[in-house]
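Working through the structure, step by step
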Amino acid sequence: MSLHLHKSKTEGISHQSKLTPEELTESYKKLASEIWSKTWDLLTSENQWVKETPHQDLDSGIIYSQRVHGDHHHGKIFMLEGYVDSSPAEVFHETVIRIEESPTWNPTVKECKTVQVVDENTDISHNITNEAVGGLVSSRDFVNLRHWKMKDDVMISAGCSVIHPSVPPSKKHVRGENGPGGWFYKPCPQDPNRCIFGWIINTDIKGWIPQYLVEQAVHGTLLQFLKHLRLHMNRLKSKAPMSS
């Protein structure tokens, strides 16, 4: 693979410095396709996911987990699924296309900006999170390569961490690392104005943090995101003009 997923920051920066802008863009495209396929494999490995919240359903939000070993996976990974009362296309548009607006409605994110548009279905974003678990987990930042496309009526926006020359690590934040994961949007056949939203989170937030606090932070982030996504989509519907 011609682009490294933070296996070594020095190695990744050194390698990128030898590429022309055109070669770097092609490397991002190749990696994006590979990460999308890995995320699809995670999503469809249904017998590997174990419920972390056995008494919850899609109305309250279900969190699953599984242990994955290999390159670019961070041990225990998590998946959220829950209903959102909007179509898959509407939710996709608000979360992926309008990602820079997410800090206005998502309290887990402090800042979000697009660093580079690779092609019409691929970009690189820089996200800064707010503190979590009552301040026990400090703010992190992530540089993510994202790629989205549809398969079998499921839209997936997959991503992973990359090194980008315009966003070097900063002393202001701990630079976290994401392995393959992302958001997915499944239709509800019985209701076209509703969808199943999901998030596979495969992250290493770095720092000397006990595992139970890491898992607590991940659980809180997933359920908070679902809660505020629902509120945001409901607000948008209430502002929409009435159809004649």
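Residues numbered from 1 in each chain as written. Predicted model: local features only at pLDDT ≥ 70, side-chain atom pairs only at ≥ 80, totals over all residues. Heavy atoms only, no water.

A separate point is the overall build of the protein. Looking only at helices and strands, the protein features four helices and twelve strands. With 244 residues in all, the protein has 52% of them scored as buried. In the protein, of all internal contacts separated by at least 6 residues, the share reaching a separation of at least 24 is 61%. For the protein, the computed accessible surface area is about 12500 Å², with 52% contributed by carbon and sulfur atoms. (Helix = DSSP H or I, 4+ residues; strand = E, 2+ residues; numbered from the N terminus. Buried < 20%, exposed > 50% of the residue type's maximum accessible area, 1.4 Å probe, protein only. Contact = heavy atoms within 4.5 Å. Areas by Shrake-Rupley, 256 points an atom, 1.4 Å probe, with all protein chains shown as cover.)

Per the stated rule, a full pass over the model turns up eleven salt bridges. Residues Glu-52 and Lys-76 are paired through a salt bridge, measuring 3.1 Å at the closest nitrogen-oxygen approach. Here Glu-52 is found in the loop between strand E1 (50-51) and strand E2 (62-68), whereas its partner Lys-76 is found in strand E3 (residues 75-84), with 24 residues between them in sequence. Classification of Glu-52 by relative accessible area gives partly exposed; the value is 25%. Residue Lys-206 is joined to Asp-204 by a salt bridge in which the shortest nitrogen-to-oxygen separation is 3.2 Å. (Salt bridge = Lys/Arg side-chain N within 4 Å of Asp/Glu carboxyl O.)

Glancing now at the packing of aromatic side chains. Following the criterion strictly, the structure yields ten aromatic pairs and no others. Summarising the aromatic geometry, the rings of Phe-197 and Phe-225 are spaced 5.6 Å apart at their centres and angled 25 degrees between planes, so their arrangement reads as stacked. Separated by 28 residues along the polypeptide, Phe-197 in strand E11 (residues 191-201) and Phe-225 in helix H4 (residues 211-239) bring together distant segments of the chain. Residue class for Phe-225 comes out buried when judged on its relative accessible area of 3%. (Phe/Tyr/Trp six-rings, centres within 6.5 Å; stacked < 30°, edge-to-face > 60°.)

Bringing the state of the cysteines into the picture now. Under the defined criterion, the tally for this structure stands at zero disulfides. With no disulfide of its own, Cys-195 lies closest to Cys-188 among cysteine sulfurs, the gap being 6.6 Å. Accessibility expressed as a relative area gives 0% for Cys-195, which makes it buried. (Disulfide = S-S within 2.5 Å.)

This brings us to unusual backbone geometry. The residue Asp-152 is not glycine, and still its phi comes out positive at about 50 degrees. Along the chain, Asp-152 turns up in the loop between strand E6 (140-151) and strand E7 (154-161). Its identity is not glycine, yet Asp-153 carries a phi of approximately 65 degrees, on the positive side. Asp-153 gets classed as exposed once you look at its relative accessible area, which sits at 56%.

Within the element layout of this structure, Gln-56 appears in the loop between E1 and E2. With a relative accessible area of 27%, Gln-56 lands in the partly exposed category. Taking C-alpha positions, Gln-56 is 9.9 Å from Gly-82, a pair spaced 26 residues apart along the chain. Beyond its immediate chain neighbours, meaning those up to four positions away, Gln-56 contacts Lys-51, Gly-61 and Ile-62.

So, on to the environment of Gln-48. Summarising the element assignment, Gln-48 is placed in the loop between helix H2 (21-44) and E1. Remark: the alpha-carbon pair of Gln-48 and Gln-66, spanning 18 residues in sequence, is separated by 6.1 Å. Those residues in contact with Gln-48 that sit more than four places away from it in its chain are Ser-65 and Gln-66.

Each packed pair of helices is defined by two parameters, the angle between the axes and the distance between the axes. Running from N to C, helix H3 (residues 88-97) and H4 point in directions that differ by 110 degrees, and their axes come no closer than 11 Å. The angle between H3 and H4 places the two elements in the roughly perpendicular class. Considering how the two elements wind past one another, H3 and H4 form a crossing that is right-handed. Two secondary-structure elements touch here, H3 through Glu-90, Val-91, Glu-94 and Thr-95 and H4 through Phe-225, Leu-229, His-232, Met-233 and Leu-236. (Axes fitted to C-alpha atoms, helices over the stretch in contact; angles between N-to-C directions. Parallel < 35°, antiparallel > 145°, perpendicular 65-115°, else oblique. Left-handed = near helix turned anticlockwise from the far one by under 90°.)

Taken across its eight residues, strand E5 (residues 122-129) has eight buried, putting it largely inside the fold. The pairing of strand E4 (residues 109-119) with E5 spans eight bridges and is classified as antiparallel. Considered in E5, the bridge of Cys-112 is made with Asn-127. Connecting the antiparallel pair E4 and E5 is a turn made up of two residues. In this structure, E5 lies alongside E6, joined through seven bridges in antiparallel fashion. Residue pairing for E6: Ile-128 is matched across the bridge by Asp-141. (Pairing = 2+ DSSP bridges.)

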